[in-house]
Amino acid sequence: MARDFTSVGVVGLGTMGAGIVEVFARNGVDVVAVEISEDALERGRAILTGSTDRAVAKGKLAEADRDALLSRVRFAVGLDALHSVDLVVEAVPEHLDLKQRIFAELDRVCKPEAILATNTSSLSVTEISVATSRPNQVIGIHFFNPAPVMKLVEVVRTVVTSADVVADVEALCKRLGKVDVTISDRAGFIANALLFGYLNHAVGMFESHYATREDIDAAMKLGCGLPMGPLALMDLIGLDTAYEILDTMYRRGGRDRRHAPVPLIKQMVTAGLLGRKSGRGFYTYERPGSPVVVPDEQTPVASEAALGGAAAIAKVGVVGSGTMATGIIEVFAKAGYEVVSVTRGAEKSAKVFEAVRTSLNKGVVRGKLGEADRDAALGRINWSATLDHLADVDLVVEAVVEELSVKKALFASLDEICKPGVVLATTTSSLPVIDVAMATQRPADVVGLHFFNPAPVMPLVEIVETIRTSAETTATARAVCAGLGKTGVVCGDRSGFIVNALLFPYLNDAVKMLEASYSTADDIDHAMKLGCGYPMGPFELLDVVGLDVSLAIQRELYLELREPGFAPAPLLEHLVTAGYLGRKSGRGFRDHTRR
Ligand SMILES: NC(=O)c1ccc[n+]([C@@H]2O[C@H](COP(=O)([O-])OP(=O)(O)OC[C@H]3O[C@@H](n4cnc5c(N)ncnc54)[C@H](O)[C@@H]3O)[C@@H](O)[C@H]2O)c1
């Protein structure tokens, strides 16, 4: 029979602790909520009442249930109040010496059979446990932020945690409506080990002015369907907490440079810019603790001013006949631009025409597009097999095969054919845009327009500026994206731009974690979906994207940045060699023939 937890203690009522109190009290468990001082206790109480009041206002919690929930919580200063609880969850700041001190004290205060749990994100549960005389009753219960919302709990067992304690805690997680994954004691466990390299990299992009905070966040939200961008997430986590987690992971996790905290994080912590909880981090908030972002000096100026210098675009050439070209033709035609499609022959043009028509018809069937609009869109497309028909367009979007020699030859031809001042854009996802630009005599007019697949659906376009791209060209690219109803984010000309540079190393890390037998593909997928709100787990996504494509992107990133942590996972290489490419070949990380 699993142990019955009737009363639990929570130590530390900050970002996590207050949420953990709410989780227990919502599920009928009495809670003793402990802080270090009266002031801190009041702050903790305010977080709890703020959160439950919001739940009532949103209709997610009845008033009576809120009152019952709050009546289950007793607030106290000092650990002595925890003498009779069955379980304690500690959620104080991420410092080993502090946690060890608290555990030694809890060991003294709590009854002998009580389980002592830490919510640490990165510290060694084992090292914390040895500060007590009962390391077999010490365990990690790692909740995710915000604790009342996120479904995942990582249960961390050390080599001495007893099996019945693990089983009791797993049963408790179920009672709390959580999904648990049980794992051993390794820096960052599953989710943070995969998340923090990515967050740190994103901060590095911001620090080096590679892209703005809004563009980095928009890219990951719209390009990957994440619930928040990385910088907004850093603000939610708290920059002090994030710094400590990175620092610990760097030291405990093999000194991977990707975990060495980007210097800006420490500077911001020193300056008191801790994120939401202090009212200011990467963004500025209405007041401390508020989720509402308010404009500040970094907020982009109103779009009209930003678009100053943009050229008027009416007629657009699209070169290519593959998936991307087809989608891009549809997007421009639907948005009211006159389109000249150039393919390598009438047969290809007929195929593209069919594909565009079929896609537009789907829109009609789904009631998203009127028949007249469909016909008007198709009527705006002119089909050609020669680049000469691009002599009078205002913008060319190239979407031919991903080979530098082919793209360079094409841009040299466009340079001869197109009128002066035309914007020449490439949709390359991995080649340096500057190489393509330098094949022309007008590199200032060349820009990357990286659409995502499927182009008619995905709301994001990465606008890639080279060191020769003019401000007017970028402004035109921005205006075009706005005209298409897409969000354009501007970034520098580096391998992977924003999205792939942040996404693929994370996917590669997941493969390395699987390879190291730390966890299973199912649990890793669960952890990222339920702990971080990702729409797909890394192995699901790798199978959809294709393992060969993922490996090629990861190789490019590794070759450009020479970052040892970016070296492709050997398991990924082996699967590709074995022909396990993901869904398209029937098997990748999972067998798709039997599903
Ligand atoms: N922030 C996150 O997103 C997140 C997610 C999961 C786990 N964690 C982990 O949870 C723990 C807490 O992090 P946080 O972000 O909530 O920190 P926080 O700074 O928001 O809150 C910590 C709280 O602990 C209190 N405290 C400090 N010393 C204390 C003591 N001796 N006795 C009682 N209370 C004390 C502080 O007053 C503060 O309210 C850390 O181990 C962190 O790694 C954080």
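Above: the structure in question.
Residues numbered from 1 in each chain as written. Predicted model: local features only at pLDDT ≥ 70, side-chain atom pairs only at ≥ 80, totals over all residues. Heavy atoms only, no water.

J.: Could you clarify how one ought to interpret the pairing of strand β16 (residues 446-451) in this entry?
T.: The side chains of a regular strand alternate, first on one face of the sheet and then on the other. Within β16, 6 of the 6 residues are buried, which leaves it mostly tucked inside the rest of the structure. Side-chain alternation along β16 places V446, G448 and H450 on one buried face and V447, L449 and F451 on a second face that is also buried. The pairing of strand β15 (residues 423-426) with β16 spans 3 bridges and is parallel. For T426, the partnering residue across the bridge sits in β16 and is G448. Relative to strand β17 (residues 460-465), β16 runs antiparallel, the two being bridged by 4 bridges. Bridged to G448 within β17 is V464. (Buried < 20%, exposed > 50% of the residue type's maximum accessible area, 1.4 Å probe, protein only. Helix = DSSP H or I, 4+ residues; strand = E, 2+ residues; numbered from the N terminus. Pairing = 2+ DSSP bridges.)

J.: Please explain the environment of R175 as it appears in this structure.
T.: For R175, the position within the fold is in helix α6 (residues 163-175). Given a relative accessible area of 37%, R175 falls into the partly exposed group. Considering only alpha carbons, one finds R175 and N27, 148 residues apart in sequence, at a separation of 7.5 Å.

J.: Quick question: what am I supposed to make of the packing of aromatic side chains here?
T.: Each aromatic ring pair is described using two quantities: the centre-to-centre distance and the angle formed by the ring planes. Per the stated rule, a full pass over the model turns up 7 aromatic pairs. The interplanar angle of 85° and the centroid separation of 5.5 Å between the aromatic rings of F206 and F282 together place this pair among those described as edge-to-face. Here F206 is found in helix α7 (residues 191-207), whereas its partner F282 is found in the loop between α11 (263-270) and β9 (284-285), with 76 residues between them in sequence. The residues F206 and F282 share a single accessibility class, namely buried. Connected via pairs of aromatic rings, a cluster forms that spans F332, Y337 and F451. Directly above the aromatic system of F75 lies the positively charged group of R45, at a separation of 4.4 Å from the ring centroid. (Phe/Tyr/Trp six-rings, centres within 6.5 Å; stacked < 30°, edge-to-face > 60°. Lys NZ or Arg CZ within 6 Å of the ring centre and 35° of its normal.)

J.: Would you mind going over the site of the ligand with me for this structure?
T.: Neighbouring residues of the ligand: 24 residues in total, closest M16, E35, E94, K99 and S121. Separating an oxygen atom of the ligand from a backbone N or O atom of V92 is a distance of 3.4 Å. For the ligand, whose accessible area on its own is 830 Å², the fraction buried by protein is 88%. For the shell around the ligand, a count of residues per class yields 11 nonpolar, 9 polar and 4 charged. (Near = heavy atom within 4 Å. Polar contact = N/O pair within 3.5 Å; in protein donor to acceptor, adjacent residues only side chain to side chain. Areas by Shrake-Rupley, 256 points an atom, 1.4 Å probe, with all protein chains shown as cover. Nonpolar A, V, L, I, M, F, W, Y, C, P; charged D, E, K, R; others polar.)

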